[in-house]
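Now for the letters of each chain:
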Amino acid sequence: SSGINAEWPLRPGANHRTRLDWMFMWSVTGRARWSALMKIILRGDLKHLPGFGWAMQFGGFFFLSRKWASDEKYLTDKIRYFTTATEPHKLLIFPEGTDYDTKTKKRSDAYGDKEGLPHLDYVLHPRTTGFIHCVQELRKGNVPALYDMTLGYPKTLPDRGELDLITGTMPEEIHVHVQRFDMDDIPSEKLETDRWLRELWYEKEKRLENFYKEGQFAEENPSKPYFPSSADNFKIPIFVIWNAGLLLIIYLLFVSPVTRSYLLFSNLALIVLSTLGHIEDIDRKFENNEPTISEQPSSETIST
């Protein structure tokens, strides 16, 4: 991974090549010890997915309706809360708005034709409105920097998303390129921020083009391709405990009426709470001591 080490400041980011990018990001964020503090901006319908969606709501993730009239106020409220919360949260932004595939590339090319922009082969044209608003609000919250991250898959590409996850078709290698930008170096005017983001994406396009020719990013050090995590020592115990727990739950579902009743009741309760919107902001309801702007810890931003 280029530009990453175990001591790096707590700000991450990445391009959206597959639907599983966010999952692979946990491997990076875990080594920086801030996975629990990362919030990701996602499509609004994902929050109602049984299990995964509820967990993301409990995690305080952002869910957009893709209607700017409502998303603008929603983003403002959420960002102002997290930039004044007692813990320094990290915000992961996907400016492309969706993952890269044949359909989304066609839409991106059509948008480029309409706006007089070039066709891109490795990334999609970013959606700048939400990004610009996030940057403006984060700047008010004294967020010090934005980290841009570029993910490259030199071998297996899990482009079928969740199906690849189920079948175990995972990439043998994931390369990550990281750039840090001080917020003071990002233009404050909307049009200039728009231009800055597009130029960043053109650079990302060239970087990925070279990556898939060479099999690595230009800044990589082949002698140091991987930085270990303390969790690596526990991979086998974690695997055994996780699967033993899963098998125990399946067994109890077959033999225990109490377990079946509990799961039925809890799932019905979560469906109702999710529909009514009472899960998503649960952390805000339990946050008692919000510091003033001058006292607040630094949050950080990730552009992907």
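Structural data are supplied above this passage.
Everything numeric here is computed off the predicted structure, so don't read it as measured data. (Residues numbered from 1 in each chain as written. Predicted model: local features only at pLDDT ≥ 70, side-chain atom pairs only at ≥ 80, totals over all residues. Heavy atoms only, no water.)

**Some thoughts on helix H9 (residues 257–276)**
Here's step 1: Spanning 20 residues, H9 covers 29 Å between terminal C-alpha atoms, matching the ideal 28 Å at 1.5 Å per step.
Here's step 2: Considered for burial, the residues of H9 that qualify are Thr 259, Ser 266 and Ser 274. The buried residues of H9 occupy an angular sector of 65° when the element is viewed end-on, so they sit on one face. Away from the buried face of H9 by more than 90 degrees, exposed residues Pro 257, Leu 264, Phe 265, Thr 275 and Leu 276 are located.
Here's step 3: The elements touched by buried residues of H9 are helix H2 (52–58) and helix H8 (235–255).
Here's step 4: In the stretch just after H9, Gly 277 is the one whose phi turns positive, near 80°. (Helix = DSSP H or I, 4+ residues; strand = E, 2+ residues; numbered from the N terminus. Expected span 1.5 Å × (residues − 1). Buried < 20%, exposed > 50% of the residue type's maximum accessible area, 1.4 Å probe, protein only. Arc of directions from axis to C-beta. Contact = heavy atoms within 4.5 Å.)

**Here's the deal with a nonpolar patch on the surface**
Here's step 1: The grouping of Leu 246, Leu 247, Leu 248, Ile 249, Ile 250, Tyr 251, Leu 252, Leu 253, Phe 254 and Val 255 at the surface amounts to a nonpolar patch, some 960 Å² of accessible area in total.
Here's step 2: When you line up the elements, Phe 254 lands in helix H8.
Here's step 3: Take Phe 254: its relative accessible area is 68%, and that puts it in the exposed class. (Patch = residues over 30% accessible without salt bridge, like charges linked within 9 Å, V, L, I, M, F, W, Y side chains within 5 Å. Areas by Shrake-Rupley, 256 points an atom, 1.4 Å probe, with all protein chains shown as cover. Salt bridge = Lys/Arg side-chain N within 4 Å of Asp/Glu carboxyl O.)

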